[in-house]
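Coordinate inspection notes
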Amino acid sequence: MGLALTPGCAGEAGTAEALDESAHEFSVAPGEGVHEEITRAALGFLKPAVLKALVTGNVAADVKFALLNAAHFDDCNFSGGAAFVAAKQAEAVRALGPGIALLDGDVLAMAAFSHSLHAVQDFYSHTNWVELGGDVLVDESLGAFPTLTPYAAIPSTGFVVVQGPKPRGTAVARDADAPYPEHAIVTVRHRRTTAPGLVSGTVDYEPGNHCPAPVAMTHEELNKDNSTVADRAAQNQAARSLAIRQTRHEWCRLNQLAHDAWGDAGTERLAAWVADPSAAPDCAAE
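Read on for a plain summary of the structure.

Strand direction decides the pairing type here: strand β2 (residues 170–173) and strand β3 (residues 186–190), joined by four bridges, are antiparallel. Pairing of A171 across the sheet is with R189, part of β3. Here β3 pairs with strand β4 (residues 193–198) via five bridges, running antiparallel. Bridge pairing in β4 places H190 opposite T193.

Here it is as structure tokens:
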């Protein structure tokens, strides 16, 4: 069985203290509350010490991975972002294995999982998914987070991933002079077909810009990180709602990946993180 983490029970104070210490290893961006709110809203069924560790690791990713665009789905680095999420979740699953002490494994798994959550939450805020009319999740499978291939369509919406040099016979366009949100609409034309194009904002201090010049937008022009961003309150709420749903789904993905790797021992390990099973998502129905 996994390690119980509910504060106040016999033998558990040391675990909660260790989780608090691990959380303080990171620098938390001052004033950042969006990721905390999303994570708490999505995973409120977890035990307080577990939720605190996930929240702290998530928020700290803005500092820990400040120069890594893949960790935030910035600069049209969609393949890198998807690979980051998959790698962090695989790291979490490995930490839950029988070869690692329970406390050490739980701390490592929570840190890695929290970093993956930061990225998937940023996906909806930093891209034009919402502006294109995306109202479903980027992925609802339970296997490893899927590859996002440049200039391939995402199955859930048909949006084409715009990343890097355009293939022969492909053109991308947007109306940079249109008001928001129309100026965030990107079109991909390939021979006789047309599809919406998915882009993300560019960040000048992050190395590697994969956005084609004709459709590039800065982070400031596109982000929906806060409800106070002028004229983007509705888009912020839509992005936030999708981020909450994706975060809950990633809990189900982590459970499936842990079961695939370690059988019932993997899911039992994660079950020990849960305070209120009745409030947890029904992963069997996902």
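Still more ground to cover, so stick around.
Enumeration over the complete set of coordinates arrives at 10 aromatic pairs. When the ring of F73 is compared with that of F78, the centres are 6.4 Å apart and the planes differ by 40°; the resulting orientation is tilted. Residues F73 and F78 agree in their burial class; the two are buried. Measuring from ring centre to ring centre gives 5.1 Å for F123 and Y124, while their planes differ by 85°; the resulting arrangement is edge-to-face. Here F123 and Y124 have matching classes, each one buried. An aromatic cluster is built from F73, F78, F123, Y124, W129 and F159, whose rings are joined through pairwise contacts. Sitting above the plane of the Y180 ring, R232 keeps its charged end 5.1 Å from the centroid.

Counted under the stated rule, the structure contains six salt bridges. D139 serves as the salt-bridge partner of R253, at 2.8 Å between the closest nitrogen and oxygen. In this pair, R253 sits in helix α7 (residues 233–262) while D139 sits in the loop between α5 (102–126) and β1 (160–161), placing the two residues 114 residues apart along the sequence. Note on accessibility: R253 and D139 belong to one class, buried. Taking the shortest distance from any N to any O, the salt bridge between R253 and E250 comes out at 2.7 Å. Taken together, the residues span about one helical turn, with R253 and E250 both in helix α7 at a distance of three residues. Of the two residues, R253 and E250, both sit in the buried class. Through salt bridges with shared partners, one network takes in D139, E250 and R253.

A few words on the side chain of R269. Tracing the backbone shows R269 in helix α8 (residues 264–271). Polar contacts involving the side chain of R269 include one to the main-chain carbonyl oxygen of L102, which spans 3.1 Å.

It is worth spelling out α5 at this point. Between its first and last C-alpha, α5 extends 36 Å over 25 residues, near the 36 Å set by a 1.5 Å rise per residue. Burial runs high along α5: 20 of the 25 residues are buried.

With that settled, consider the side chain of S200. Mapping S200 onto the fold places it in the loop between β4 and α6 (219–222). Polar side-chain contacts of S200 include one of 2.8 Å to the backbone oxygen of F73. At a separation of 2.7 Å, a polar atom in the side chain of S200 contacts the main-chain amide nitrogen of C76. The residues touching S200, leaving out its near neighbours within four places in the chain, are F73, D74, D75, C76, N77, F78, H126, T127, C211, M217 and L222.

What counts, and at which threshold
Residues numbered from 1 in each chain as written. Predicted model: local features only at pLDDT ≥ 70, side-chain atom pairs only at ≥ 80, totals over all residues. Heavy atoms only, no water. Pairing = 2+ DSSP bridges. Helix = DSSP H or I, 4+ residues; strand = E, 2+ residues; numbered from the N terminus. Phe/Tyr/Trp six-rings, centres within 6.5 Å; stacked < 30°, edge-to-face > 60°. Buried < 20%, exposed > 50% of the residue type's maximum accessible area, 1.4 Å probe, protein only. Lys NZ or Arg CZ within 6 Å of the ring centre and 35° of its normal. Salt bridge = Lys/Arg side-chain N within 4 Å of Asp/Glu carboxyl O. Polar contact = N/O pair within 3.5 Å; in protein donor to acceptor, adjacent residues only side chain to side chain. Expected span 1.5 Å × (residues − 1). Contact = heavy atoms within 4.5 Å.

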